[in-house]
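Breakdown of the fold
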Amino acid sequence: MDTLTHALSGALLARATEPKNPRPDQLPRRMRMWVGFWAAAFPDSDFITRLIDPLTYLTMHRGITHSVILLPLWALGLSLLFMLLVRGKYSWRAFAGVAALGIGIHILGDVFTAFGTMIFAPFSTWRAQIPTTFIIDPYFTMIIVAGLVAAVIWNLTRMPAIIGLAVLATYVGFQGIQHQRAVAVGEAYAARHQLEDTAVEAIPQPFSPFHWMIVIPGKNVYHMSYVSLWRDDIPDFPPEDANWLWQVYASYYPPREALWTRVPRFGSTGESSLAEQVWYSQALAAYRQFALYPALYRVDRAKDDLCVWFNDLRFALAGSNMPFRYGACRKSAEDVWRVYRLFNDNDGREILDAIPH
């Protein structure tokens, strides 16, 4: 979830949980909502790990700042900071509950995305995920904004904020139902093609709760399809110069007409041995912790360099290059593999970025 949406959800929760008749030692409404706003934004402060390098950020993002174990510590720290900012007008205890609620709703919101959240950090790197919501969901955000606007208009009661949170929970529940429908489509495909002992995964997609990417991971191959649970007709194929939104929209087919793609994890037969060797090399140890559905992107052979690139199919989207592409390069068979990032600059040019690992 984007940071602004998290922050707004913290403000909405702060208003919904405001005491009916606050005591003098409790926060006034406006301050309470601002505390909820900033506390709910706090977990994403781990963006500073990008100063180390992008791969460290990927492996540490949604880690200790998103931990339910460390939540009380973060809430206490923020409470003391807020107390200093108001020069002791309110005790840290007045801030603690609101700060804890803000951090908590941020953690919960991130659990509902496919990126995964290390809720038990630093004791475990396991990532909790209930992939019902795309990382940027305009409907999710609009529900929160509507709840806040209603809370401002009808400011004598907290009921609009409570209703806003209830509608938000209902929306996530609705997404959960669509998730199960998408999984059922994948399970039917797996049964028809006798894909035994495979887990079917459904990944939420942008712009619609009815759009899903279905992934059936095998030992060294993935079966993938983009489906629309709403659409009955086959979309028109976009022309080459179609904008990105059209390309995305046209990539989702009704379940009965779904196009399934078979993606080898380590590429074609001629590349698979090299790709598997590089994937399990020490150079890509950190990336292995992050990539949920890793697949060979390509192999680059130049006069003095050999590079093997991977991406995470979890982020595959029509009409765009996948983010989080990493690989390893070396200059000779005697050289060690070194990790690099491959990305596109604003002009679309590919850039190789060395990672200091």
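Summary of the structure given here. Here the structure is a predicted model, which means the values were calculated and not measured. (Residues numbered from 1 in each chain as written. Predicted model: local features only at pLDDT ≥ 70, side-chain atom pairs only at ≥ 80, totals over all residues. Heavy atoms only, no water.)

1. Comments concerning the pattern of salt bridges
Selection criterion: Should a side-chain nitrogen of Lys or Arg be within 4 Å of a carboxyl oxygen of Asp or Glu, the pair is scored as a salt bridge. Secondary structure follows DSSP: runs of H or I at least 4 residues long count as helices, runs of E at least 2 residues long count as strands, and numbering of each begins at the N terminus.
The full count for this structure, using the stated rule, is 13 salt bridges. Two residues, lysine 331 and aspartate 305, come together in a salt bridge whose shortest N-O distance is 3.2 Å. One end of the pair, lysine 331, is in the loop between strand E7 (325-330) and strand E8 (338-344); the other, aspartate 305, is in the loop between strand E5 (294-301) and strand E6 (306-312), and 26 residues separate them in sequence. Shared partners join several salt bridges into a network, and the residues in it are Arg298, Asp300, Arg325 and Glu350.

2. Observations regarding the nonpolar core
Applicable threshold: Definition of nonpolar core: a set of buried residues of the types Ala, Val, Leu, Ile, Met, Phe, Trp, Tyr and Cys, connected through side-chain atoms within 4.5 Å. Each residue gets one of three labels from its accessible area relative to the maximum for its type: buried under 20%, exposed over 50%, partly exposed in between, using a 1.4 Å probe on protein chains only. Note on contacts: a residue pair is in contact if any heavy atoms of the two residues lie within 4.5 Å.
In terms of nonpolar packing, the biggest core is built from 24 residues, with Leu55, Val278, Leu284, Tyr287, Val308, Phe310 and Trp337 touching the most fellow members. When contributions to this core are tallied by element, the ones reaching two or more residues are helix H3 (54-60), helix H9 (269-279), helix H10 (285-290), E5, E6 and E7. Among the elements that line this core, the one with the most residues is H9, at 4 residues. Setting aside residues no more than four positions away along its own chain, tryptophan 337 makes contact with Leu274, Gln277, Val278, Ser281, Ala283, Leu306, Val308, Ala328, Cys329 and Arg330.

3. What to know about the state of the cysteines
Disulfides are covalent bonds that link the sulfur atoms of two cysteine residues. Filter applied, for reference: Cysteine sulfur atoms are paired as a disulfide whenever they fall within 2.5 Å.
This structure, assessed with the given rule, holds 1 disulfide. Each sulfur in the disulfide pair cysteine 307 and cysteine 329 lies 2.0 Å from the other. Residues cysteine 307 and cysteine 329 share a disulfide whose torsion about the S-S bond is about 115 degrees; that sign makes it right-handed. Placement of the pair is cysteine 307 in strand E6 and cysteine 329 in strand E7, with a sequence separation of 22 residues. Exposure class is identical for cysteine 307 and cysteine 329. Each is buried.

4. Thoughts on the environment of proline 122
Among the secondary structure elements, proline 122 is positioned in the loop between helix H5 (92-111) and helix H6 (138-153). Residue proline 122 is classed as exposed on the basis of its relative accessible area of 52%. For the pair proline 122 and serine 67, spaced 55 residues apart in the sequence, the C-alpha separation amounts to 7.7 Å.

5. What about the sheet that holds strand E4 (residues 261-264)?
Rule in force here: For two strands to be treated as a pair, DSSP must find no fewer than two bridges joining them. All axes here are fitted lines through C-alpha atoms, helices being fitted over the stretch that makes contact, and every angle between N-to-C directions spans 0 to 180 degrees.
The 4 strands lie next to each other as E1-E2-E3-E4, forming an open sheet whose pairing is antiparallel. Two strands in the sheet have a free side with no partner beyond their single neighbour: strand E1 (201-204) and E4. Pairwise comparison of adjacent strand axes, ignoring direction, gives a mean angle of 30 degrees for this sheet. Of the strand pairs in this sheet, E1 and strand E2 (residues 211-217) are connected by 4 bridges, and their pairing is antiparallel. Paired with proline 204 across the two strands is tryptophan 212, which belongs to E2. On the sheet, helix H7 (residues 159-192) packs against E1, E2 and strand E3 (221-228) and is oriented at approximately 45 degrees with respect to E2.

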